[in-house]
Amino acid sequence: MSDFLSSFLSSFNFNLGTFGFPLETVIIFFAVIALSVYLDLFAHRNSKEITVKDASLWSLFWIGLALAFYGYLWGRFDKEWADLYLAGYVLEKSLSVDNLMVFMAIFASFGITGKLQHRILYWGIIGALIFRAVFVVIGAGLFAASPYVGFIFAAFVIWSAVKMLTAGDNDDEEIEDYSNHWSVRWTGKLIPTYTKLFGERFMIRHAELNAQQISSITRKGLRYATPAFLCLMAIETSDVAFAFDSVPAVIAVTQEPLLVYAAMIFAILGLRSLYFILAALTKYLVHLEKAIIALLFFIGIKMGIQSWNHAIGDTGIHISPNTSLFIVLGVLALGVIASFVFPDKSEN
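Residues numbered from 1 in each chain as written. Predicted model: local features only at pLDDT ≥ 70, side-chain atom pairs only at ≥ 80, totals over all residues. Heavy atoms only, no water.

Chemist: Even after reading the chapter, I still don't get the overall build of the protein chain, so can you show me in this structure?
Modeler: Check the secondary structure of the protein chain and you find 14 helices and two strands. Here the protein chain, with 348 residues, has 49% of them falling under the buried criterion. Taking contacts inside the protein chain between residues at least 6 apart in sequence as the whole, the part at least 24 apart equals 79%. A total of about 17000 Å² of accessible surface is found on the protein chain, and carbon and sulfur atoms cover 65% of it. (Helix = DSSP H or I, 4+ residues; strand = E, 2+ residues; numbered from the N terminus. Buried < 20%, exposed > 50% of the residue type's maximum accessible area, 1.4 Å probe, protein only. Contact = heavy atoms within 4.5 Å. Areas by Shrake-Rupley, 256 points an atom, 1.4 Å probe, with all protein chains shown as cover.)

As structure tokens, then:
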């Protein structure tokens, strides 16, 4: 836990009893989440490329919603309970910045751009809501495997950074045929897969394919996964990998399951909007992508060190959430400043 949160929590009076699961709070929380997700889906029912303005407005909406729940906890129960929730929310929001970088790496790896990113991230966030609930319910027992998952995902993140670094100007191009893509090579023999994008579909039926399209399947089946589905699974896996770190961190702030889950969910719901702000800015800030690549190396190394500390032995290197956040924001700021100081002359 960061020094800030430690000093913040030390000022609390912890003789509060147990928050538990007040029926009123449970109903209000899940009703607000369900309504908000529905409004988000309705507003984006027609998949389209998200603008900076639209993403910014939705980001403000999600932050406002989280603060409104803080106000409800303060007014209805006690300021200390509200502060515990807010501390967890701020911590989860800080930790989730790493997710944004990895989302960009995954989409770059799959060559998926534009409006399809919105559809994949929407369902990715829905999956995150479910997985985080499972993590909170199961508790510490699930984290026994976390170091080994961390090693695998750290390797993937660093590999993605290398691929982005060597891709040059072709990293924004969509892939037409995924026959030789790593995801199809790894899963094509286990899951019948159609090796090309099929509109915005995740799964397609055999009967929907014509004779020419059938030649692009890995093996015959009743249904076929598309590269969009494989990308969604990569997004979900990344969230699970980050949950191994973020869930225990929030639980360290408060062991109240409802407050832990609320803090994580309100932080996660704003992730997609923040991603599209960052993705849109890379089109205008020519050196921002270089900063993101540098951060991917940092995140991969950090995950590897954390996993080593837990699985093998203490390295003596510990990167706190505050330090990680400052590094991420600092490198992004350098990318923005460099874009203004050294603009791309070829676009002039």
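Chemist: Quick question: what am I supposed to make of the packing of helix 5 (residues 97–110) against helix 13 (residues 288–311) here?
Modeler: If you want to describe how two helices pack, look at the angle between their axes and the distance between the axes. Helix 13 packs onto helix 5 with a crossing angle of 115 degrees between their chain directions and a minimal axis gap of 10 Å. For the element pair helix 5 / helix 13, the angle class is roughly perpendicular. Where helix 5 crosses over helix 13, the two elements pack in a sense that is left-handed. Where helix 5 approaches helix 13, its residues Asp98, Met101, Val102, Met104 and Ala105 are matched on the opposing element by Ile292, Leu295, Leu296, Ile299 and Lys302. (Axes fitted to C-alpha atoms, helices over the stretch in contact; angles between N-to-C directions. Parallel < 35°, antiparallel > 145°, perpendicular 65-115°, else oblique. Left-handed = near helix turned anticlockwise from the far one by under 90°.)

Chemist: Please clarify how the nonpolar core should be interpreted in this entry.
Modeler: Across soluble globular proteins, nonpolar side chains show a tendency to be buried alongside one another. Among the nonpolar cores identified, the biggest contains 89 residues, and Phe29, Tyr85, Met101, Phe110, Ile120, Phe266 and Tyr275 are the most heavily contacted of them. Tallying contributions element by element places helix 11 (residues 257–269) first for this core, with 12 residues. Residues Tyr194, Phe198, Ile204 and Leu209 belong to the second largest nonpolar core, which totals six residues. (Core = buried A, V, L, I, M, F, W, Y, C linked by side-chain atoms within 4.5 Å.)

Chemist: It is not clear to me how the pattern of salt bridges should be interpreted in this structure. Could you clarify?
Modeler: One side chain can pair with another of opposite charge once the charged atoms of both are near each other. Per the counting criterion, the structure on display carries four salt bridges. Its salt-bridge partner being Arg76, residue Glu24 comes within 3.0 Å of it at the nearest N-O pair. Highlighted residues: Glu24 in helix 2 (residues 23–43) and Arg76 in helix 3 (residues 52–76), separated in sequence by 52 residues. Of the charged contacts in the structure, one is a salt bridge between Glu208 and Arg201, with a shortest N-O distance of 2.8 Å. Residue class for Arg201 comes out partly exposed when judged on its relative accessible area of 30%. Several salt bridges converge on common partners, so that one network encompasses Arg201, Arg205 and Glu208. (Salt bridge = Lys/Arg side-chain N within 4 Å of Asp/Glu carboxyl O.)

Chemist: Help me understand the packing of aromatic side chains, please; the structure alone is not making it clear to me.
Modeler: Each aromatic ring pair is characterised by the separation of its centres together with the angle its planes make. One pass over the structure, following the stated rule, counts 20 aromatic pairs. Measuring from ring centre to ring centre gives 5.3 Å for Phe69 and Phe266, while their planes differ by 40 degrees; the resulting arrangement is tilted. Taken together, the residues Phe69 in helix 3 and Phe266 in helix 11 connect sequence positions 197 residues apart. Exposure class is identical for Phe69 and Phe266. Each is buried. What links up through ring pairs into an aromatic cluster is the set Phe29, Phe30, Phe69, Tyr72, Phe77, Tyr85, Tyr89, Tyr261 and Phe266. Stacked on the ring of Phe77, the Lys or Arg Arg76 has its end atom at 5.3 Å from the ring centre. Across the ring face of Trp74, the terminal group of Lys79 is positioned such that the distance to the ring centre comes to 5.4 Å. (Phe/Tyr/Trp six-rings, centres within 6.5 Å; stacked < 30°, edge-to-face > 60°. Lys NZ or Arg CZ within 6 Å of the ring centre and 35° of its normal.)

Chemist: Sorry, what's going on with the environment of Phe135 here?
Modeler: Examined against the element boundaries, Phe135 turns out to sit in helix 6 (residues 115–138). Sequence separation between Phe135 and Val247 is 112 residues; the distance between their C-alpha atoms is 7.3 Å.

Chemist: Teacher, can you tell me more about the environment of His318 here?
Modeler: When you line up the elements, His318 lands in the loop between helix 13 and helix 14 (321–341). Among the residues examined, His318 registers a relative accessible area of 57% and is labelled exposed. For the pair His318 and Lys302, spaced 16 residues apart in sequence, the C-alpha separation works out to 8.7 Å.

Chemist: Sorry, what's going on with helix 5 here?
Modeler: In an α-helix, one turn spans 3.6 residues; hence positions three or four apart end up facing the same way. Taking 1.5 Å of rise per residue, the 14 residues of helix 5 would be expected to cover 20 Å, and the 21 Å separating its terminal C-alpha atoms lies within 8% of that figure. Here helix 5 lies mainly inside the structure; 13 of its 14 residues are buried. With its phi angle positive at about 65 degrees, Gly111 sits one or two positions after the end of helix 5. (Expected span 1.5 Å × (residues − 1).)

Chemist: Explanation requested: the packing of helix 5 against helix 12 (residues 271–284) in the structure shown.
Modeler: Their axes nearest at 10 Å, the elements helix 5 and helix 12 cross at an angle of 60 degrees. Classed by the angle they form, the pair helix 5 and helix 12 counts as oblique. Here the hand of the crossing between helix 5 and helix 12 comes out right-handed. In this structure, helix 5 contributes Asn99, Leu100, Met101, Phe103, Met104 and Phe107 to the contact, and helix 12 contributes Leu271, Leu274, Tyr275, Leu278, Ala279 and Thr282. For the contact of helix 5 with helix 12, a count of residues per class yields 10 nonpolar, two polar and no charged. (Nonpolar A, V, L, I, M, F, W, Y, C, P; charged D, E, K, R; others polar.)

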